[in-house]
Amino acid sequence: MVEGTRDNGSIAPLLEHVGPYNEFPEEYQLQSAIEALKSVKVLVVGAGGLGCEILKNLALTGFKNIQVIDMDTIDMSNLNRQFLFRPDDVGKSKAEVATRFILERIGDPTLNIVPYYGKIQDKDMEYYKQFNIVVCGLDSVMARRWLNATLVAIAQKLGQVIPLIDGGTEGFRGQSRVILPGFTSCYECTLDMVPQKVTYPVCTIANTPRVPEHCIEWASVLQWPKHFSAHEKFDGDNPDHVDWLYATALSRAKEFGIPGVTRSLTLGVVKNIIPAIASTNAIIAASCTNEAFKIATDANPFLNNYMMYSGDDSIFTYTYAHTKNVNCPVCGDNFKEVKCQRWWTLEKFIDVLINLQSIQLQNPSLSTTNGVQLYFRAPPELEQLTRENLSIKLIDQINPATEQIIVTDPNLPISLNVKVVFEGPDKEPQDINYLLRQ
Amino acid sequence: MIDKQTKYDRQLRLWANTGQDNLERCHLCMINADATASETLKNLVLPGLGKFTIVDAGTVCPGDLSGNFFLTEADLGKNRAEALTRNLLELNPDVEGKWVAEQSIDSLDAQFWDQFDMVIISNYVKGYDELVQLLWRQDIPLLVATTMGYYGSLHVIRSETTVVETHHPSQRFQLFLDKPWPELQQFVDSFDLETLDETDHAQVPYIVIYIKLLAQLRASNSPIPKTYQQKQHFKTLIESLSRDISQETNFIEASSSLFRTVLETEIPPSVVEIMKIASKLDLTQTSLFWIYVKALENFASKNEGLLPLPGTLPDMASNTANYVQLQKIYHQKAIKDREAFAKEVQILSASLGREEADDLNLDLISSFCKNSNLLYVSKGSYKQVSEQIVKDCLVPGKYNISAVYLSLLNTRYYFNIFGSLPSIKDLESFTQLAFDVIFKPYMSSISDIPESVILTFTDVLSHNTNSYHNLASFIGGITAQEVLKIATAQYIPLDNVFVFDGIVSTSQKWKIE
Ligand SMILES: [Zn+2]
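The rules behind these values
- Along each chain, numbering runs from 1 in the same order as the chain's sequence is written.
- All chains are assigned letters beginning with A, and all ligands numbers beginning with 1, in the order in which they are written.
- Two thresholds apply to this predicted model, a pLDDT of at least 70 for residue-level local features and 80 or more for giving and counting side-chain atom pairs, whereas whole-chain, interface and lining totals are computed over all residues.
- Only hydrogens and water are set aside when side-chain values are computed; all heavy atoms of the structure are taken into account.
- UniProt positions are given in the numbering used here, feature names are shortened, and annotations may be inferred rather than shown by experiment.
- Every helix listed is a DSSP run of H or I at least four residues long, and every strand listed is a run of E at least two residues long, numbered separately from the N terminus.
- Only the C-alpha atoms count toward the radius of gyration. The rule for a globule is 2.2 Å times the residue count to the power 0.38.
- Whether a residue is buried, partly exposed or exposed follows from its accessible area with a 1.4 Å probe, protein chains only, as a fraction of its type maximum: under 20%, in between, or over 50%, in that order.
- What makes two residues a contact is simply this: any of their non-hydrogen atoms within 4.5 Å.
- For every accessible area listed, the method is Shrake-Rupley and the probe measures 1.4 Å; residues are considered covered only by the protein chains on display.
- Positive charges come from Lys and Arg, negative ones from Asp and Glu, while His and the chain ends are left out of the count.
- Positions of charges follow a simple convention, taking NZ of Lys, CZ of Arg, CG of Asp or CD of Glu.
- We call an atom a donor if it is N, O or S and sits within 2.8 Å of the metal, or 3.2 Å for Na, K and Ca. Water is not counted, so some sites may look partial.
- Note on geometry labels: four donors, all angles 85 to 135 degrees, give tetrahedral; four donors become square planar and six octahedral when opposite donors are over 155 degrees apart and every other angle is between 65 and 115; remaining cases are irregular.
- The rule for pairing is simple: two strands pair if DSSP sees at least two bridges between them.
- Lines fitted to C-alpha atoms define the axes here, with helix axes fitted over just the stretch in contact, and angles between the N-to-C directions of these axes take values from 0 to 180 degrees.
- A helix is expected to reach a length of 1.5 Å times the quantity of its residues less one.
- Here the arc refers to the directions that run from the helix axis out to each C-beta atom.
- The term nonpolar core refers to a set of buried residues drawn from Ala, Val, Leu, Ile, Met, Phe, Trp, Tyr and Cys, joined through side-chain atoms within 4.5 Å.
- Note that the domain bounds were set by an automatic or database domain assignment.
- One side-chain nitrogen of Lys or Arg within 4 Å of one carboxyl oxygen of Asp or Glu is enough to make a salt bridge.
- Any pair of nitrogen or oxygen atoms within 3.5 Å is treated as a polar contact; in protein, a donor-acceptor pairing is required on top of that, and neighbouring residues in sequence qualify only through side-chain atoms on both sides.
- Here the nonpolar group is Ala, Val, Leu, Ile, Met, Phe, Trp, Tyr, Cys and Pro; Asp, Glu, Lys and Arg are the charged ones; every other residue, Gly included, is treated as polar.
- Here's the idea: put two parts together, see how much 1.4 Å probe accessible area each one loses, and the total over both is what we call buried area.
- Candidate patch residues must exceed 30% relative accessible area and have no salt bridge, after which like charges are joined if within 9 Å and Val, Leu, Ile, Met, Phe, Trp or Tyr side chains if within 5 Å.

- For chain B, an unreviewed UniProt entry supplies the name NEDD8-activating enzyme E1 regulatory subunit and the organism Scheffersomyces spartinae.
- What UniProt records for chain B under Function (unreviewed entry) is the sentence "Regulatory subunit of the dimeric UBA3-ULA1 E1 enzyme."
- Reading the Sequence similarities (unreviewed entry) entry of the UniProt record for chain B gives the comment "Belongs to the ubiquitin-activating E1 family. ULA1 subfamily."

- Looking up chain A in an unreviewed UniProt entry gives the name NEDD8-activating enzyme E1 catalytic subunit, with the organism given as Scheffersomyces spartinae.
- Taken from UniProt, the Function (unreviewed entry) comment for chain A reads in full: "Catalytic subunit of the dimeric E1 enzyme, which activates NEDD8."
- UniProt, in its Sequence similarities (unreviewed entry) section for chain A, records the words "Belongs to the ubiquitin-activating E1 family. UBA3 subfamily."

### What about the overall build of chain A?
Then, number 1: Helices and strands together make up the secondary structure of chain A, namely 14 helices and 13 strands.
Then, number 2: For 438 residues, the compact-globule estimate of 2.2 N^0.38 gives 22 Å, and the C-alpha radius of gyration of chain A, at 25 Å, lies within 12% of that figure.
Then, number 3: Its C-alpha atoms give chain A principal-axis dimensions of roughly 75 × 55 × 45 Å.
Then, number 4: Residue burial in chain A is summarised as follows: out of 438 residues, 55% are buried.
Then, number 5: Taking all contacts inside chain A whose residues are at least 6 apart in sequence as the whole, residues at least 24 apart take part in 64%.

### Quick notes on the overall build of chain B
Then, number 1: Within chain B, the secondary structure is distributed over 21 helices and 10 strands.
Then, number 2: Over its C-alpha atoms, taken along the principal directions, chain B stretches across nearly 85 × 55 × 45 Å.
Then, number 3: Counting all 513 residues of chain B, 58% fall into the buried class.
Then, number 4: The contacts of chain B with a sequence gap of at least 6 include a subset with a gap of at least 24, amounting to 69%.
Then, number 5: Accessible area of chain B: about 20,500 Å², with a carbon and sulfur share of 50%.
Then, number 6: Taking the average place of the 44 positive charges on the side chains of chain B and the average place of its 63 negative ones, the gap between the two points comes to 2 Å.

### Thoughts on the coordination of the zinc ion
Residue and element names in this part refer to chain A.
Then, number 1: Taken together, the protein donors to the zinc ion comprise Cys 186 (SG), Cys 189 (SG), Cys 328 (SG) and Cys 331 (SG), at separations of 2.2 to 2.3 Å.
Then, number 2: Coordination at the zinc ion comes from four donor atoms whose angles at the metal span 97 to 118°, giving a geometry best classed as tetrahedral.
Then, number 3: The sequence pattern formed by the donor residues of the zinc ion is C-x2-C-x138-C-x2-C. You can see Cys 189 sitting in the loop between β6 (173-179) and α7 (202-207) and its partner Cys 328 sitting in the loop between β8 (316-320) and β9 (336-341), a full 139 residues away along the chain. Here Cys 189 and Cys 328 have matching classes, each one buried.

### Some remarks on the UniProt feature "active site" (unreviewed entry) in chain A
Then, number 1: UniProt tags Cys203(A) as "active site" (unreviewed entry).
Then, number 2: Since its relative accessible area comes to 23%, Cys203(A) is described here as partly exposed.

### Focus on the sheet that holds strand β5 (residues 164-170) of chain A
Residue and element names in this part refer to chain A.
Then, number 1: Read across the open sheet, the eight strands follow the order β3-β2-β1-β4-β5-β6-β7-β8; overall the sheet is mixed. Unpaired on one side and paired on the other, β3 (112-117) and β8 mark the two borders of the sheet. In this sheet, neighbouring strand axes are inclined to one another by 15° on average, regardless of whether the strands run parallel or antiparallel.
Then, number 2: Examined bridge by bridge, strand β1 (residues 41-45) and strand β2 (residues 65-70) share five bridges and lie parallel to one another. Its bridge partner lying in β2, Val 44 is registered against Val 68.
Then, number 3: Here helix α4 (residues 94-106) sits on the sheet in contact with β2 and β3, set at roughly 165° to β3.

### Notes on helix α11 (residues 228-241) of chain B
Residues and elements named next belong to chain B.
Then, number 1: In a regular helix each residue adds 1.5 Å, so 14 residues correspond to 20 Å; α11 covers 20 Å between its end C-alpha atoms and thus fits that length.
Then, number 2: Those residues of α11 lying buried are Lys 231, Phe 234, Leu 237 and Ile 238. The arc that holds every buried residue of α11, seen down its axis, measures 110°, which confines them to one face. With respect to the buried face of α11, the exposed residues turned more than 90 degrees away are Tyr 228, Gln 229 and Ser 240.
Then, number 3: Elements that come into contact with the buried residues of α11 comprise α10 (206-219) and α12 (249-261).

### Description of the UniProt feature "domain: E2 binding" (unreviewed entry) in chain A
Then, number 1: UniProt marks residues 338-423 of chain A with the feature "domain: E2 binding" (unreviewed entry), using the numbering shown here.
Then, number 2: A distance of 11 Å separates the end C-alpha atoms of residues 338-423 of chain A, which is 21% helix and 33% strand.

### Quick word on the nonpolar core
Then, number 1: One finds Phe63(A) and Phe439(B) to be the most contacted residues of the largest nonpolar core, which totals 135 residues.
Then, number 2: Looking at this core element by element, the count peaks at 10 residues for helix α11 (residues 278-297) of chain A.
Then, number 3: The two domains that each donate at least three residues to this core are domain 1 (4-159 + 467-510) and domain 4 (387-462) of chain B.
Then, number 4: Excluding residues within four positions of it along the chain, Phe439(B) makes contact with Val390(B), Cys393(B), Leu394(B), Leu406(B), Ala434(B), Ile449(B), Val453(B) and Phe457(B).
Then, number 5: Judged by nonpolar contacts, the second largest core, of 54 residues, contains Tyr127(A), Cys189(A), Ile350(A) and Ile359(A).

### Here's the deal with the interface of chain B and chain A
Then, number 1: Each side of the interface is counted separately: chain B has 87 residues, and chain A has 85 residues.
Then, number 2: The interface formed by chain B and chain A includes five salt bridges.
Then, number 3: The interface formed by chain B and chain A contains 40 residue pairs in polar contact (both at pLDDT 80 or more).
Then, number 4: The biggest single contributor to the side of chain B that touches chain A is helix α21 (residues 469-488) of chain B, with 12 residues.
Then, number 5: Split into classes, the residues belonging to the side of chain B that touches chain A amount to 37 nonpolar, 34 polar and 16 charged.

### Structural notes on unusual backbone geometry
Then, number 1: Of note, the amide linkage connecting Asn304(A) to Asn305(A) takes the cis form, showing an omega dihedral of -15°.
Then, number 2: Mapped onto the secondary structure, Asn305(A) falls in the loop between α11 and β7 (306-310).
Then, number 3: At the junction of Ala378(A) and Pro379(A), the peptide bond is cis and its omega measures out at -5° in the coordinates.
Then, number 4: Locating Pro379(A) in the fold gives a position in the loop between β11 (373-375) and α13 (380-387).
Then, number 5: Positive phi, close to 50°, is recorded for Glu304(B), a residue that is not glycine.
Then, number 6: Mapped onto the elements, Glu304(B) comes out in the loop between α14 (288-302) and α15 (320-351).

### Concerning the domain arrangement of chain B
In many reports, interface size means the accessible area that the parts give up when they come together.
Residues and elements named next belong to chain B.
Then, number 1: Partitioning chain B into domains gives domain 1 (4-159 + 467-510), domain 2 (182-261), domain 3 (269-379) and domain 4 (387-462).
Then, number 2: Of note, the centres of domain 1 and domain 4, computed from C-alpha atoms alone, are 27 Å apart.
Then, number 3: Here domain 1 meets domain 4 over a buried area of about 1,800 Å², counting both sides, of which 71% is carbon and sulfur.
Then, number 4: One can count four residue pairs in polar contact (both at pLDDT 80 or more) joining domain 1 with domain 4.
Then, number 5: Of all the secondary structure elements, the ones that give two or more residues to the side of domain 1 that touches domain 4 are α7 (128-137), β5 (142-148), β6 (151-157), β9 (497-501) and β10 (506-510).
Then, number 6: Considered class by class, the residues forming the side of domain 1 that touches domain 4 number 11 nonpolar, eight polar and three charged.

### Remarks on the pairing of strand β13 (residues 412-423) of chain A
Successive residues of a regular strand alternate their side chains across the two faces of the sheet.
All names here are of chain A.
Then, number 1: Pairing analysis gives six bridges linking β9 to β13, with the strands arranged parallel. Residue Lys 336 lies in a different strand from β13, and its bridge partner there is Val 418.
Then, number 2: With five bridges joining them, strand β12 (residues 405-409) and β13 adopt antiparallel strand pairing. When the bridges of β13 are listed, Ile 406 appears paired with Asn 417.

### Looking at a nonpolar patch on the surface
Residues and elements named next belong to chain A.
Then, number 1: Together, Met 193, Met 308, Phe 316 and Tyr 318 make up a nonpolar patch on the protein surface, roughly 360 Å² of accessible area in all.
Then, number 2: Along the chain, Tyr 318 falls in strand β8.
Then, number 3: Look at Tyr 318 and you get partly exposed, because its relative accessible area is 40%.

Dropping the structure here:
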């Protein structure tokens, strides 16, 4: 089994002996397991904290055909965990530097890794269908939803089931899961388990700040657009921008006597920073690639289908089969019920949709099942044409008994059917307290 | 020069500079330079562990490269510890690393171990039992990490674990609502809910609402709400004070937050237990933690049985002025309590004739006061197996994860006797050994070992590799997390055995007493 300098000694016993827990021992064959590791094409999505680990693990457990996608470049704050990068690599493509490092370190001429420095959305179904396994170590919810929907579409349209192994971490905690598109619950099914970014009511930020976060949001949400032109977007990686924001938040805090605004907290709030350490990434990535190894070799059953891990209070794992959500817009019957106050305008309704935990969109466009365009973000002509609908009450634009709303978003290759349930008063309550609560 | 605050930003959000300083002071010893050791150390060098020393006499051979990312072709023929040290140091210039090529750990004298804050054994080593005893006597925490096929385990052997900054995920707030001190009571009395105008009425912080209602309860000799029913009743009281409970944000919050805020102020039972332990100790011989616990008890006895006020407030609907004023009142009381607690420490420390500069360290005192209701203590053991684990294993069924732990443990026994890892050919002698050293007290004959246990033995011996990288990396990650918790003295460590089964991806833990 020797090939290259690194032999297969570390995995040979796992392949040579069928274990007692193999579910189909009579079908298992050593030769096909070895062949599988050589021929299986694995796509690694993300070359960050999890991605570096995933690439290393795959390369050291016999996989030979790997591609890796990442749109990011290396940042100084990556170096405490992304062990394939050095200070000199800051600013370079993560996918490219990671690939080069692994190939050099492993020194195996039969190991083939192809990096792609760009977005997952740059590639189409044609590209994704060439893979046998996708291992995903992304921190972006939107990108994972896109990838998940693409793989479910490949299963539905082409009948080709590509297992998606997904990992995520936060601090001492994380989770890994195996998604068999069409068979198990998918990423979208569990969207309501994704922790949401904390948001603060604009009214509090503007009028009654109490905690340092309110002052920081005041600086970033209300003051930045006032002081800089529309095309100068705030960039959390630009130290001048961060300094301005920090100083602005600090002076606001001083004015109101609120302690606790620091530069670190400012960065954390505006960049929505999630704590990350190498060890948690190692645990979750290893769990993901262990599943990839079992799936590729058929040597043992694989995870069904979700493992939660927590290391901050002793060590705790919870493994269970997450069930499919029948209303899942990606793998289910694509249907959501949303409550709407009778007095809400279309604009208010869209705002609520964007922030709904089970929907979470960024730039939705809306039309009715009867073909009426309610609001479209693009192209500009259509946007202009539908813009006036925004200020009209939704209840005056659709008939909830006969129509549903179709929601699309450029970030997602899916559309979502929303049934609107109207409730509440016809007129907007004029009470100050009611407004405070919104 | 790279700015540490930037490089370590993502971890400082977990353990702050105090945790980082502790980590940078830590000197760790790793026995063996195998895949699990490499992965563990990688996860510790990256966040800036102070110093490590690897002990391994072996020479890098082609087989070592198979599952180990931190040994390369260029290292072939060199000492394994030396090669691993060099390749790891490349990850972080802030870390210091040394290596020792000692044939056997028996030949290292007792003083050698004194320099370490922690020792890790990766997989198997000759002289294991003696080392466990020695480190136990010297009070140096030992972590034993094992990987075998799809299985792995971690055993933390440490006589005593005490944690102040537990980061306990409890969502409860210590607000002393039932024990308002004069300044707080005065603030509460300054609100007349009857006469406030619409806007001000909706800006009264819920703390004020609670304290007013609790005073009403006290006046009618009703207890602070504890049961679900009492809390529901309290809820209706809150709502009756509101002018419009569908509109007033502060009353809505008061009603929804009451379950985690309206609590009887008392010393939690876990802290009472810790105080009991402290009262039995000879304080001239203990760590500072126990001095603080004793001082805490003295503080409580002079303060109506209360612990120091942590002083942190949750955000709540209010205008800025009311909230900031309230925050000041809580902050000042917390400082007052902290000073009174420091006084107790000083008195106690003097009475014990201690002359330790750290006793009155403001950061330590502050941290202890803030966390005094969440303290954690555990007593360890150097034993490797408990009755519970064996009994779990004997429960009839197709599969039992405790058999995984016993398989890994028996592999260690086997290695101690035969000096090599068992393979599937050794199933019979392996089972005999397990019967002799583990199962004998629980059954009359070797044939009583359940079939499920034999199956797990078969799996372990069939898959007898301890460098399958996925498991080495998983256990390396777990081990590093535990080292980080012990080194930073934050979060709650494993107590004390953990097992992972990578076939079904589940885990289990036990406490060996
Ligand atoms: Zn789904």
